[in-house]
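# Observations on chain architecture
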Amino acid sequence: YLDNDKDGIGGSDKVGEGCGAAPAGSVTATGDCDDADDKRRPGVAEECNGVDDDCDGNDDNGLPFQDFYEDKDVDGYGDVSGAPQSSCYSQVAGRVSNKADCNDSLATVRPGATEMCNKVDDNCDGQIDNGIASQNYYPDVDGDGFGAQNAAAEASCAVVSGKVTNNADC
(Lines give C-alpha, C1' and ligand atoms only; values in the text may rest on other atoms or scores of the structure.)
Protein backbone atom coordinates (compact mmCIF):
# COMPACT_ATOMS: atom_id res chain seq x y z
CA TYR A 1 0.00 0.00 0.00
CA LEU A 2 1.18 3.48 -0.80
CA ASP A 3 2.26 5.51 2.29
CA ASN A 4 2.09 9.14 1.15
CA ASP A 5 2.61 10.70 4.60
CA LYS A 6 5.44 8.27 5.49
CA ASP A 7 3.97 7.33 8.89
CA GLY A 8 4.42 3.59 8.34
CA ILE A 9 0.72 2.91 7.63
CA GLY A 10 -0.60 2.94 4.09
CA GLY A 11 -3.87 4.24 2.84
CA SER A 12 -6.18 2.31 0.56
CA ASP A 13 -4.07 2.68 -2.60
CA LYS A 14 -2.51 -0.67 -3.58
CA VAL A 15 0.78 -0.35 -5.46
CA GLY A 16 1.50 -3.95 -6.31
CA GLU A 17 1.25 -7.59 -5.35
CA GLY A 18 3.41 -10.58 -5.69
CA CYS A 19 7.06 -11.35 -5.42
CA GLY A 20 10.02 -9.09 -5.59
CA ALA A 21 10.94 -5.81 -4.04
CA ALA A 22 8.17 -3.58 -2.80
CA PRO A 23 7.75 -0.37 -4.76
CA ALA A 24 9.32 2.74 -3.22
CA GLY A 25 7.05 4.50 -0.72
CA SER A 26 4.95 1.39 -0.08
CA VAL A 27 4.25 -0.52 3.15
CA THR A 28 2.42 -3.72 4.02
CA ALA A 29 0.24 -2.19 6.77
CA THR A 30 -2.98 -0.46 5.74
CA GLY A 31 -5.77 1.46 7.49
CA ASP A 32 -4.54 5.07 7.41
CA CYS A 33 -7.71 7.19 7.21
CA ASP A 34 -5.80 10.29 6.03
CA ASP A 35 -2.66 9.34 4.16
CA ALA A 36 -1.77 13.02 3.71
CA ASP A 37 -1.48 13.62 7.50
CA ASP A 38 1.16 11.65 9.42
CA LYS A 39 -0.51 12.48 12.76
CA ARG A 40 -3.68 10.54 11.81
CA ARG A 41 -3.31 6.75 11.76
CA PRO A 42 -4.38 3.65 13.69
CA GLY A 43 -2.83 3.44 17.15
CA VAL A 44 -2.28 7.15 17.87
CA ALA A 45 -3.94 8.84 20.85
CA GLU A 46 -7.17 10.68 20.09
CA GLU A 47 -6.94 14.47 20.56
CA CYS A 48 -9.75 16.94 21.24
CA ASN A 49 -9.86 18.48 17.79
CA GLY A 50 -13.08 17.33 16.07
CA VAL A 51 -11.07 14.85 13.95
CA ASP A 52 -10.77 11.06 13.90
CA ASP A 53 -7.07 10.87 14.84
CA ASP A 54 -6.90 7.10 15.45
CA CYS A 55 -8.82 6.13 12.31
CA ASP A 56 -11.54 4.16 14.12
CA GLY A 57 -14.38 6.10 12.48
CA ASN A 58 -15.17 8.33 15.51
CA ASP A 59 -14.06 11.90 16.20
CA ASP A 60 -12.67 12.66 19.69
CA ASN A 61 -13.81 9.28 21.09
CA GLY A 62 -12.54 8.14 24.46
CA LEU A 63 -12.04 11.71 25.67
CA PRO A 64 -13.97 13.25 28.60
CA PHE A 65 -16.85 15.41 27.40
CA GLN A 66 -18.69 18.17 29.26
CA ASP A 67 -21.96 20.00 28.58
CA PHE A 68 -21.82 23.74 27.88
CA TYR A 69 -24.80 26.13 27.93
CA GLU A 70 -25.40 29.37 26.06
CA ASP A 71 -24.68 32.56 28.04
CA LYS A 72 -26.40 35.30 26.01
CA ASP A 73 -25.96 38.04 28.61
CA VAL A 74 -22.30 37.11 29.27
CA ASP A 75 -22.68 37.07 33.07
CA GLY A 76 -20.96 33.70 33.54
CA TYR A 77 -24.21 31.76 34.01
CA GLY A 78 -25.85 29.65 31.30
CA ASP A 79 -29.49 29.59 30.27
CA VAL A 80 -31.41 27.25 32.61
CA SER A 81 -33.77 26.25 29.77
CA GLY A 82 -31.16 26.00 27.02
CA ALA A 83 -29.98 22.86 25.30
CA PRO A 84 -26.41 21.79 26.09
CA GLN A 85 -23.59 21.49 23.59
CA SER A 86 -21.29 18.66 24.56
CA SER A 87 -17.59 19.08 23.92
CA CYS A 88 -14.21 17.78 25.06
CA TYR A 89 -12.88 21.35 25.03
CA SER A 90 -12.41 23.03 28.39
CA GLN A 91 -14.40 26.04 27.14
CA VAL A 92 -16.73 26.62 24.21
CA ALA A 93 -17.04 30.20 22.91
CA GLY A 94 -20.23 31.90 24.15
CA ARG A 95 -21.05 29.00 26.46
CA VAL A 96 -20.42 28.12 30.11
CA SER A 97 -20.43 24.88 32.05
CA ASN A 98 -23.46 25.71 34.23
CA LYS A 99 -27.15 26.29 33.52
CA ALA A 100 -28.05 28.40 36.56
CA ASP A 101 -29.27 31.68 34.98
CA CYS A 102 -33.02 32.16 35.43
CA ASN A 103 -33.05 35.11 32.97
CA ASP A 104 -30.28 34.93 30.38
CA SER A 105 -31.31 38.20 28.73
CA LEU A 106 -30.30 40.39 31.72
CA ALA A 107 -26.72 40.32 33.04
CA THR A 108 -27.90 41.75 36.38
CA VAL A 109 -30.10 38.68 36.97
CA ARG A 110 -27.99 35.68 38.00
CA PRO A 111 -27.29 33.47 41.01
CA GLY A 112 -25.67 35.49 43.78
CA ALA A 113 -26.83 38.87 42.46
CA THR A 114 -28.10 41.44 44.95
CA GLU A 115 -31.89 41.39 45.16
CA MET A 116 -33.39 44.78 44.24
CA CYS A 117 -36.88 46.18 44.68
CA ASN A 118 -38.01 45.70 41.08
CA LYS A 119 -40.54 42.82 41.04
CA VAL A 120 -37.86 40.55 39.52
CA ASP A 121 -36.07 37.51 40.96
CA ASP A 122 -32.62 39.09 40.66
CA ASN A 123 -30.68 36.27 42.39
CA CYS A 124 -32.47 33.29 40.78
CA ASP A 125 -33.62 31.80 44.09
CA GLY A 126 -37.25 31.53 42.97
CA GLN A 127 -38.47 34.50 45.04
CA ILE A 128 -39.19 38.06 43.94
CA ASP A 129 -37.80 40.99 45.95
CA ASN A 130 -37.04 38.69 48.91
CA GLY A 131 -34.99 40.07 51.76
CA ILE A 132 -36.11 43.62 51.04
CA ALA A 133 -38.37 45.35 53.57
CA SER A 134 -41.84 46.00 52.22
CA GLN A 135 -44.86 47.95 53.43
CA ASN A 136 -48.58 47.61 52.92
CA TYR A 137 -50.12 50.22 50.63
CA TYR A 138 -53.81 51.17 50.50
CA PRO A 139 -55.71 53.13 47.82
CA ASP A 140 -56.12 56.85 48.55
CA VAL A 141 -59.08 57.51 46.26
CA ASP A 142 -59.80 61.07 47.43
CA GLY A 143 -56.15 62.16 47.68
CA ASP A 144 -56.35 63.23 51.34
CA GLY A 145 -53.33 61.15 52.45
CA PHE A 146 -55.47 58.48 54.11
CA GLY A 147 -56.02 55.04 52.62
CA ALA A 148 -59.37 53.27 52.43
CA GLN A 149 -60.17 51.28 55.60
CA ASN A 150 -61.74 48.28 53.90
CA ALA A 151 -59.40 48.04 50.91
CA ALA A 152 -57.05 45.12 50.43
CA ALA A 153 -53.41 45.91 51.13
CA GLU A 154 -50.77 45.71 48.43
CA ALA A 155 -47.35 44.80 49.82
CA SER A 156 -44.48 46.53 48.05
CA CYS A 157 -40.89 47.50 48.74
CA ALA A 158 -41.34 50.65 46.63
CA VAL A 159 -43.80 53.54 46.82
CA VAL A 160 -47.00 52.71 44.93
CA SER A 161 -48.49 55.63 43.00
CA GLY A 162 -51.99 56.61 44.25
CA LYS A 163 -51.59 54.60 47.44
CA VAL A 164 -50.52 55.37 51.01
CA THR A 165 -49.17 53.30 53.92
CA ASN A 166 -52.18 53.74 56.19
CA ASN A 167 -55.82 52.67 55.99
CA ALA A 168 -57.24 55.37 58.25
CA ASP A 169 -59.76 57.00 55.88
CA CYS A 170 -63.20 56.64 57.38
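Owing to the predicted nature of the structure, the values given are computational and were not obtained by experimental measurement.

The next thing to look at is the state of the cysteines. By the definition in use, this model includes four disulfides. Note that cysteine 33 is cross-linked by a disulfide to cysteine 55, the S-S spacing being 2.1 Å. Judged by the sign of its S-S torsion, about -70°, the cystine formed by cysteine 33 and cysteine 55 is left-handed. Taken as a pair, cysteine 33 in the segment before β1 (66-70) and cysteine 55 in the segment before β1 lie far apart in primary sequence, 22 residues in all.

A separate point is the pattern of salt bridges. Going through the model one piece at a time under the given rule, you end up with four salt bridges. In this structure, arginine 40 and aspartate 34 form a salt bridge, with 3.0 Å as the shortest nitrogen-oxygen distance. Judged by relative accessible area, arginine 40 falls into the buried class, the value being 17%. Of the residues examined, aspartate 34 reaches a relative accessible area of 21% and is grouped as partly exposed. For lysine 39, the salt bridge goes to aspartate 38, with nearest N and O atoms at 4.0 Å. A relative accessible area of 59% means that lysine 39 is categorised as exposed. For aspartate 38, a relative accessible area of 38% puts it in the partly exposed group.

On to the sheet that holds strand β2 (residues 85-87), then. Strand order in the open sheet made by the three strands is β2-β1-β3, with antiparallel pairing throughout. In this open sheet, the two edge strands, each paired with only one partner strand, are β2 and β3 (95-96).

Conventions and cut-offs
- Residue indices begin from 1 for each chain and proceed along its sequence in written order.
- Thresholds applied to this predicted model are a pLDDT of at least 70 for local features of residues and 80 or more for the giving and counting of side-chain atom pairs; totals over whole chains, interfaces and linings are not thresholded and use all residues.
- Heavy atoms from the whole structure form the basis of all side-chain values; hydrogens and water molecules are not counted.
- Only a pair of cysteine sulfur atoms within 2.5 Å qualifies as a disulfide here.
- Elements are defined by DSSP. Helices are runs of H or I of four residues or more, strands are runs of E of two residues or more, and each kind is numbered from the N terminus.
- Any carboxyl oxygen of Asp or Glu within 4 Å of a side-chain nitrogen of Lys or Arg constitutes a salt bridge here.
- Relative accessible area decides the class of each residue, using a 1.4 Å probe on protein chains only: under 20% of the type maximum gives buried, over 50% gives exposed, and in between gives partly exposed.
- By this definition, two strands are paired if DSSP reports at least two bridges between them.

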